[in-house]
Amino acid sequence: MGAASLLWMTWLIAARMVRARADRRLAKDQAFVRRCFLEIMEGRREAARLLRAPARRARLIAEAILDIAGLVRGQERDRLIAALSDLGVESRLQRRLTRGSRSGRVAAAEALAIFGAPQGAVILKQAMAASRDPDFRVAALNALLSFDEAPTLRELLSEVAAGGLQQSLLYESVIRTIVARDPAGAIELFGDPQTPLVSRTLIAEALGRAGDYRAVPVLMHAVVDADLELRIACIRALGLLAHPVGAPAIATALGDEAWEVRAAAAEAAGRIGLIELAPSLVEALADDAWWVRFRAGEALAACGEKGMAVLRLAAGVNQDVVRRAASLVLAERGVAP
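Keep in mind the model is a prediction, meaning the values are calculated, not measured.

The rules we used
Residues numbered from 1 in each chain as written. Predicted model: local features only at pLDDT ≥ 70, side-chain atom pairs only at ≥ 80, totals over all residues. Heavy atoms only, no water. Helix = DSSP H or I, 4+ residues; strand = E, 2+ residues; numbered from the N terminus. Rg over C-alpha atoms; globule rule 2.2 N^0.38 Å. Buried < 20%, exposed > 50% of the residue type's maximum accessible area, 1.4 Å probe, protein only. Contact = heavy atoms within 4.5 Å. Areas by Shrake-Rupley, 256 points an atom, 1.4 Å probe, with all protein chains shown as cover. Lys, Arg positive; Asp, Glu negative; His and termini not counted. Charge placed at Lys NZ, Arg CZ, Asp CG, Glu CD. Core = buried A, V, L, I, M, F, W, Y, C linked by side-chain atoms within 4.5 Å. Phe/Tyr/Trp six-rings, centres within 6.5 Å; stacked < 30°, edge-to-face > 60°. Lys NZ or Arg CZ within 6 Å of the ring centre and 35° of its normal.

Notes on the overall build of the chain
Looking only at helices and strands, the chain has 20 helices and zero strands in total. Radius of gyration (C-alpha) of the chain: 27 Å, far over the 20 Å computed for a compact globule of 337 residues. The dimensions of the chain, computed from C-alpha atoms along their principal axes, are 75 × 60 × 50 Å. Sorting the 337 residues of the chain into buried and exposed places 44% on the buried side. The long-range fraction of contacts in the chain, counting pairs at least 24 apart against all pairs at least 6 apart in sequence, stands at 64%. Accessible surface computed for the chain: about 17,600 Å², of which carbon and sulfur atoms make up 54%. Of the side chains in the chain, 44 bear a positive and 39 a negative charge, and the two mean positions are spaced by 11 Å.

So, in structure tokens, the structure goes:
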């Protein structure tokens, strides 16, 4: 037993040393590739010759592209793309989409976006159709967005809804981008009774971030929906949009049976600055759920001097839970009750 334990520990130490050595080598190679990229962007063509060997390592080049390409524009970006194309990097990344580790395939998909060639979009679609890995599919979709070749919102949601809300959250970044490009279409889809609940929940959050006030009425209408996640998403979206016309829906949500909705409503009231809901927020300071009490206090504080005055009054009432909640918020801001 002792000998086996010693052998096991020896193996672990050796494996760690090998891994540490590999990590140091990789970091050195990454630094070298990034330095060559910078020289190429500065117009030093000879630096491209130094990349001939590293260019055969698709993942190494892909990760370096992701580190630098998003930070540059104009002629510097054009020089880098031209040099990488001459080295055959684009074709290697395309082949890497369907082989090797998942992290390498994801990096290759994301890096392909820099080239913008129509053929790249075709190959990305083919690789995405052949893969069931959600992480890779999201990377491919983000790349396709840069080509303006991504599926429609309805097509995308039809695909991801089957995986349930938890898996669908992986697609949030893609959905947000598509909704921001076409808020009117997203509003129409949100209002369609045939749209699955999971899809409506994802659209609601994206509409809040899109900043289109045309979404306010449909979000307000859905605040009383039977589905808990949808109610929460709509309230949060109204808070993100921060339009005062959403006040009636926020007031309704402050009385919701679910504490998660009440907490979201209190937070939204603070974001919008709905001081007219101060009486309801004071009542929320006595809520059974601590998180609702905390959000209500934060909301009042966010309403400026009037909200702070309400908190000072609440800190002096006889109801212990209200007094403590208000005093805590004031103390966090260095204000004496």
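Some details on the environment of arginine 295
Checked against the element boundaries, arginine 295 lands in helix α18 (residues 290–302). Judged by its relative accessible area of 21%, arginine 295 falls in the partly exposed class. Setting aside its immediate chain neighbours within four residues, arginine 295 contacts Ala263, Ala266 and Glu267.

Structural notes on unusual backbone geometry
Backbone phi values are negative for most residues with the exception of glycine, while trans is the configuration of most peptide bonds. Phi at aspartate 148 takes a positive value of approximately 60 degrees, unusual for a residue other than glycine. By secondary structure assignment, the location of aspartate 148 is in the loop between α7 (134–146) and α8 (153–160). Of note, alanine 242 is a non-glycine position whose phi angle comes to about 55 degrees, a positive value. Summarising the element assignment, alanine 242 is placed in the loop between α14 (228–241) and α15 (247–253). For alanine 242, a relative accessible area of 34% gives the class partly exposed.

Remarks on the nonpolar core
Formed by 114 residues in total, the largest nonpolar core has its most connected members in Ile65, Leu93, Ile235 and Ile250. What isoleucine 65 contacts, discounting residues up to four positions off in sequence, is Phe37, Gly70, Leu84, Val89, Leu93, Ala111 and Ile114.

Describing helix α5 (residues 102–112)
Most of α5 is tucked away: eight of the 11 residues are buried. Within α5, burial applies to Gly104, Arg105, Val106, Ala107, Ala108, Ala109, Ala111 and Leu112.

Details of the packing of aromatic side chains
The tally for this structure, following the rule as stated, stands at three aromatic pairs. Where tryptophan 291 meets phenylalanine 294, the ring centres are 5.2 Å apart and the plane angle is 25 degrees; that geometry is what we call stacked. Placement of both tryptophan 291 and phenylalanine 294 in helix α18 is noted, with a separation of three residues, approximately one turn of the helix. Classification of tryptophan 291 as partly exposed rests on a relative accessible area of 34%. Three or more aromatic residues joined by ring pairs make a cluster, and in this case those are Trp290, Trp291 and Phe294. Above the face of the phenylalanine 136 ring, arginine 105 is positioned so that its terminal group lies 5.6 Å from the ring centre. Of note, arginine 200 hangs over the ring of phenylalanine 190, and the distance from its end group to the ring centre comes to 4.6 Å.

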